[in-house]
Amino acid sequence: MRVLVTGAAGFLGRTVATHLTQQGHDVVGFDLKDPGIDGLKMRIGDLTDLDQVSQAVEGRDAICHIGAIGDVYLAGEDPGLAAAVNVLGTANVAEAAVRHGARVVYASTWEVYGEPRYQPIDEGHPCAPDHPYNITKLAGESLLLSAARLRGLSAIALRLGTAYGPGLRPNSVFRIFIDRARRGEPITIQGDGTQGRQFTHSLDIARAFDAALRSDASGIALNTVAERMVTIRELAEMIVERFPTELTFGPPRPGDVPPATVSADRIAEVLGWRAEVPFEEGLADLIDHELAGG
Ligand SMILES: NC(=O)c1ccc[n+]([C@@H]2O[C@H](COP(=O)([O-])OP(=O)(O)OC[C@H]3O[C@@H](n4cnc5c(N)ncnc54)[C@H](O)[C@@H]3O)[C@@H](O)[C@H]2O)c1
């Protein structure tokens, strides 16, 4: 398929673009900047500019819409920017896709659910986001899926688990813990460390995008999370096993969503997708990558 990957200079965008190319798709990336990936054609543009988005979508069969203000802390500091990129930007992607008859696969997040009312959280769980990041991500998702209902757009949203893998942002807990432990500095766990996450490897996420592109399921959102729950304390202990150092505890970070178990049953039924990268292997690989210079 001829695919446009928005956010191709970012952590997940570049992983998805690279994987789709390896799977035989004809991929063009779209971002504010060129990541300089060998063999990846890029269009430089801004998601908030409909003309630029529409020109990039012309001639493409599908869009993996991954570009966003994906940094929760940045979205908290600048909600207007998060709204512009995550809401208006996604409305522009939906509009361009309707115009050019392209299918859209959207990078949503498990954080749209907010405070869990029951667990495991399935896709029927109410969404009550309470932070500029997840509020704007859900608004983008809702606009996109409304275009599927109202305008015949073929679109699906993947509510991704907290992702890890080579190239992740420097302010992620993985990078912070690994960097400190490598230098022999203590690792500080914010909170009591019992908070867990279904960390999902970027390669598994890339496989989910490929499966969603090939499917014609539309108008729905699917949880796209690894089944295994890993606590922050377990993560820190695995890193300390590799680079022995002291573990300390500090106050919780504001903006951290409460832990919740999320069901990945529906995506297994609809797309035949399950996360495959075992956590220990994914983490060891990430550490090797960091040691090799990121
Ligand atoms: N990383 C995670 O753990 C995670 C989890 C769930 C969902 N997601 C979603 O996945 C997507 C990608 O996340 P990420 O971690 O790769 O983020 P990232 O910040 O690494 O990448 C986002 C990319 O979007 C681009 N971008 C920002 N504003 C733009 C604009 N106006 N026009 C064009 N491009 C623009 C940035 O330049 C960047 O390359 C986001 O939509 C995020 O909400 C991420």
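The structure under discussion appears in the preceding block.
How each quantity is defined
In every chain, residue numbers begin from 1 and rise along the written sequence. The predicted origin of the model limits local features to residues at a pLDDT of at least 70 and limits the giving and counting of side-chain atom pairs to 80 or more, whereas totals for whole chains, interfaces and linings rest on all residues. Counting from the N terminus, the helices are the DSSP runs of H or I reaching at least four residues and the strands are the DSSP runs of E reaching at least two. We compute the radius of gyration from the C-alpha atoms alone; for a globule the expected value is 2.2 Å times N to the 0.38, where N is the number of residues. The exposure scheme places C-beta atoms from the backbone and then counts, for each residue, the other C-beta atoms within 10 Å of its own, assigning buried at 20 or more, exposed at 12 or fewer, and partly exposed in between. Two residues qualify as a contact pair if the distance between their C-beta atoms, derived from the backbone, is within 7 Å. Angular values range over 0 to 180 degrees, each being the angle between N-to-C directions of two axes fitted as lines to C-alpha atoms, with helices fitted over their stretch in contact. Convention used here: angles under 35 degrees read as roughly parallel, angles over 145 as roughly antiparallel, angles from 65 to 115 as roughly perpendicular, and any remaining angle as oblique. Working rule for handedness: look at the near helix, and if it is turned counterclockwise from the far one by less than a right angle, call the crossing left-handed; if clockwise, right-handed. Residues are grouped as follows: Ala, Val, Leu, Ile, Met, Phe, Trp, Tyr, Cys and Pro are nonpolar; Asp, Glu, Lys and Arg are charged; every other residue, Gly included, is polar. For a helix, the expected span equals 1.5 Å multiplied by the number of residues minus one. Here is the check we use: build the C-beta atom from the backbone, and if it is within 6 Å of the molecule or strand, call the residue near. Nonpolar cores are identified as sets of buried Ala, Val, Leu, Ile, Met, Phe, Trp, Tyr and Cys residues joined via C-beta atoms within 7 Å.

Let us look at the overall build of the chain. When helices and strands are tallied, the chain shows 10 helices and 13 strands. Scaling as 2.2 N^0.38, a compact globule of 294 residues should have a C-alpha radius of gyration of about 19 Å, and the chain matches this with 19 Å. Dimensions of the chain, computed from C-alpha atoms along their principal axes, come out at roughly 55 × 45 × 35 Å. When each of the 294 residues of the chain is scored for burial, the buried share is 47%. Sequence-distant contacts in the chain: of pairs separated by 6 or more residues, those separated by 24 or more amount to 77%.

All right, on to the packing of helix α2 (residues 50-57) against helix α4 (residues 79-100) then. Relative to each other, α2 and α4 sit at 45 degrees, their axes nearing to 9 Å. On the basis of the axis angle, α2 is oblique to α4. Of the two possible hands of crossing, α2 and α4 adopt the one that is right-handed. Taking contact as the criterion, the partners of Leu50, Val53, Ser54 and Val57 in α2 are, on α4, Asn92, Val93, Glu95, Ala96, Ala97, Arg99 and His100. Its residues assigned to classes, the contact of α2 with α4 comprises six nonpolar, three polar and two charged.

Let us now look at helix α1 (residues 11-22). Helix length check: α1, at 12 residues, gives a terminal C-alpha distance of 17 Å against a target of 16 Å (1.5 Å per residue), a fit within 8%. For α1, the tally of buried residues reaches nine of 12 residues, placing the bulk of the element in the interior. For α1, the full list of buried residues reads Phe11, Leu12, Gly13, Arg14, Thr15, Val16, Ala17, Thr18 and Leu20. At its buried positions, α1 is contacted by β1 (2-6), β2 (26-31), β4 (62-65), β5 (103-109), β7 (163-164) and α7 (202-214). After α1 finishes, the residue glycine 24 shows a positive phi value of roughly 100 degrees.

By the element assignment, leucine 4 lies in strand β1. Apart from residues no more than four positions distant in its own chain, leucine 4 is found in contact with Val28, Phe30, Ala56, Val57, Arg60 and Ile63.

In the vicinity of the ligand there are 25 residues, among which Gly7, Gly10, Ala68, Gly70 and Ala163 approach most closely. Listed by contribution, the elements that provide at least two residues to the shell around the ligand are α1, α4 and β5. With three residues, α1 is the single largest residue contributor to the shell around the ligand. Its residues placed into classes, the shell around the ligand shows 11 nonpolar, nine polar and five charged.

Ranked by size, the top nonpolar core spans 93 residues in total, and within it Val5, Val104, Val105 and Phe209 carry the most contacts. The leading source of residues in this core is α4, at eight residues. When sequence neighbours within four positions are dropped, the list of residues in contact with valine 105 reads Ala62, Cys64, His65, Ile156, Leu158, Phe209, Ala212 and Leu213.

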